[in-house]
Amino acid sequence: MPRACGGGAASRHALRLFRLWCLAVMVGLASAQVALAAGPILQVTADGTSSVRPSWSPDGTRIAFQTSQDNAYKVYTMAADGSDRQPVTQGKNDDRHPTWSPDGKMLAFDTGTELKREIAIVDLATGARTQVTNLDAFASFPSWSPDGTRLSFYVYQKGTLDLWTINRDGTKPVQMTQGLASENRSQCTFACHMAAWSPDGSRLAYSDGDQMRVLTMRSDDGTDQVKASVDDPTGRSHFPAYLRDGRLAYVTEHINPGQSWTDIWAVTPGANQQPDPLLQDVQVQGPFEFSPDGQRLLFASPRNGNFDIYVATLDTAGKDALKKLSSATDLSPALAAAGHPTGVSTSGQTTSAASTPVPVASGPQAAGNPVAAAPGSTSGETGILPTGLSPYILALGGLAVVWVLIEGVMIARRRSKRRGTGSDGQ
């Protein structure tokens, strides 16, 4: 009998050691997976469709964006790491260019067809949708004032593009510019990015009709138009965005035969100073969005063959990675841990690559509105493992199966011993 008890104690001790070993190995594999995925540039969508126009929430915890479905775009939100994806708009409408209200409770966006669009608002808590404009024109790219009472947006009609503002309840529409861009002058009459409100709400920043300069003007009546960018004859300066410290950031894109790059500058409006270089020689076109804390950069790019959304850190590693092409891009830890390779929907369903979103306008849109990007392939298997499946995830799964099997065997043996002991005693 003592020998039997000693054998049981040794068995239990061995089982405890095995459990500890399994836990240690699983923690190590999970840590290796996170380290593998957490690079300076993280891909936070893996949809197999065109996911573009991302926008930070005011607290920097969520991202609103548009993604193509059934030949139209819908607005979604997700956590900043790509998890917790939530639909915001549904139905047959084509909804684009979402932007958060200052309190984070609503999204403004434009909605309609390739011929006519209006500005709308959706309440994120209730899903209630309200149309703000009724211009019977092509209204696009809304932007909230800092106090959340007004919206700026662009209107294209009769061959001319202009910037407007309006109260969020649809009252007091004001045309801020007169002929900002005109087809008669061979200018781009398709808005490529929203205008930017200054932190105090007193001014609006926008790009001119040739998309060569960034200007500011009074936000109440459109007067006092002042050039803010520095002339650069070799590039196009646009995509303005105010930073929290009051400086105005803008993008200068250089596109030459065989060579292209992007610079991001910051200027102090009204100061006679040279612009500060925020990012230089970036291998991604704009527009960009800085996170509220200024530590991360949000953008959409086809750098891996399909338009997806990326978050880059603005430390030295992130700035260096932005100077390279797709070689320095990783799937976000949240998506990698969930086993979502590129081209597979984060909802868990493989998406179809059969349709292409309908563009809303023609003309020179490549720099700021990749609306007609073809969805990437979702077929996705090469060799033994599906494309994008991490070996660490596979090892974790295999170890878990082994653990469960051994625990099952030990439980069965203990039950068998108890039954045998009970039979001997009867």
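Look up: the structure comes first, before these words.
Notes on the structure in this doc start here. Since the model is a prediction, treat every value here as computed from it, not as a measurement.

About the thresholds
- Residues numbered from 1 in each chain as written.
- Predicted model: local features only at pLDDT ≥ 70, side-chain atom pairs only at ≥ 80, totals over all residues.
- Heavy atoms only, no water.
- Helix = DSSP H or I, 4+ residues; strand = E, 2+ residues; numbered from the N terminus.
- Contact = heavy atoms within 4.5 Å.
- Phe/Tyr/Trp six-rings, centres within 6.5 Å; stacked < 30°, edge-to-face > 60°.
- Buried < 20%, exposed > 50% of the residue type's maximum accessible area, 1.4 Å probe, protein only.
- Lys NZ or Arg CZ within 6 Å of the ring centre and 35° of its normal.
- Pairing = 2+ DSSP bridges.
- 1 Å grid on protein atoms, 1.4 Å probe; cavity = no way out; pocket = protein on both sides within 12 Å on 5 of 7 lines; lining within 4 Å.
- Points joined across faces, edges and corners; volume = space filled by probe spheres on them.
- Salt bridge = Lys/Arg side-chain N within 4 Å of Asp/Glu carboxyl O.

**Section: the overall build of the chain**
Tallying secondary structure elements over the chain gives four helices and 26 strands in all. For the chain, the share of sequence-separated contacts (at least 6 apart) that also reach a separation of at least 24 residues comes to 46%.

**Focus on the packing of aromatic side chains**
Considering all chains together, one arrives at five aromatic pairs under this definition. A centroid spacing of 6.1 Å and a plane angle of 70° characterise the contact between Phe-288 and Phe-299, whose relative ring orientation is edge-to-face. Here Phe-288, found in the loop between strand S22 (276-282) and strand S23 (289-290), pairs with Phe-299, found in strand S24 (residues 296-301); they are eleven residues apart in sequence, far enough to count as distant. Classification of Phe-288 as buried rests on a relative accessible area of 6%. Aromatic pair Phe-299 and Tyr-310: ring centres 5.7 Å apart, planes at 15°, arrangement stacked. Placement of the pair is Phe-299 in strand S24 and Tyr-310 in strand S25 (residues 308-313), with a sequence separation of eleven residues. With respect to burial, Phe-299 and Tyr-310 carry one shared label: buried. The cationic tip of Arg-85 hangs over the ring face of Tyr-76; the distance from NZ or CZ to the ring centre is 4.6 Å.

**Digging into the sheet that holds strand S3 (residues 62-69)**
Backbone hydrogen bonds are what pair the strands of a sheet, in a parallel or an antiparallel way. With respect to topology, four strands assemble into an open sheet ordered S2-S3-S4-S5, the strand pairing being antiparallel. Only two strands of the sheet have a single partner each, and these edge strands are strand S2 (51-56) and strand S5 (86-87). Sheet topology note: the strand S4 (residues 72-79)/S5 ladder contains two bridges and is antiparallel. Counted as the bridge partner of Thr-77 is Gln-86 from S5.

**Focus: the environment of Ser-143**
Along the chain, the position of Ser-143 falls in strand S10 (residues 138-144). For Ser-143, a relative accessible area of 4% gives the class buried. Each C-alpha atom of the pair Ser-143 and Ala-108 lies 7.5 Å from the other, and the pair is 35 residues apart in sequence.

**Section: empty space enclosed by the protein**
Counted under the stated rule, the structure contains two cavities of 30 Å³ or more. Approximately 150 Å³ is the volume attributed to the largest cavity. Around the largest cavity, the lining comprises 19 residues; the ones closest to its centre are Tyr-154, Ala-191, Cys-192, Ser-207 and Gln-211. Of all the elements, strand S19 (residues 236-242) adds the most residues to the lining of the largest cavity, at three residues.

**Examining the pattern of salt bridges**
Under the counting rule described, the total for this entry stands at 14 salt bridges. Note that Arg-203 is salt-bridged to Asp-224, the shortest N-O span being 3.0 Å. Remark: Asp-224 occurs in the loop between strand S17 (214-218) and strand S18 (226-227) and Arg-203 occurs in strand S16 (residues 203-207); sequence separation between them is 21 residues. Overall, Arg-203 belongs to the buried group, its relative accessible area being 18%. A residue is classified by how much of its surface remains accessible, and Asp-224, at 45% relative accessible area, is partly exposed. Across the salt bridge formed by Glu-253 and Arg-236, the nearest N and O atoms sit 3.5 Å from each other.

**What about the environment of Asp-70?**
Within the secondary structure layout, Asp-70 lies in the loop between S3 and S4. Since its relative accessible area comes to 73%, Asp-70 is described here as exposed. Taking the C-alpha atoms as reference points, Asp-70 and Lys-92, 22 residues apart in sequence, are found 8.8 Å from one another.

None of the figures reported here should be taken as evidence of function without further support.
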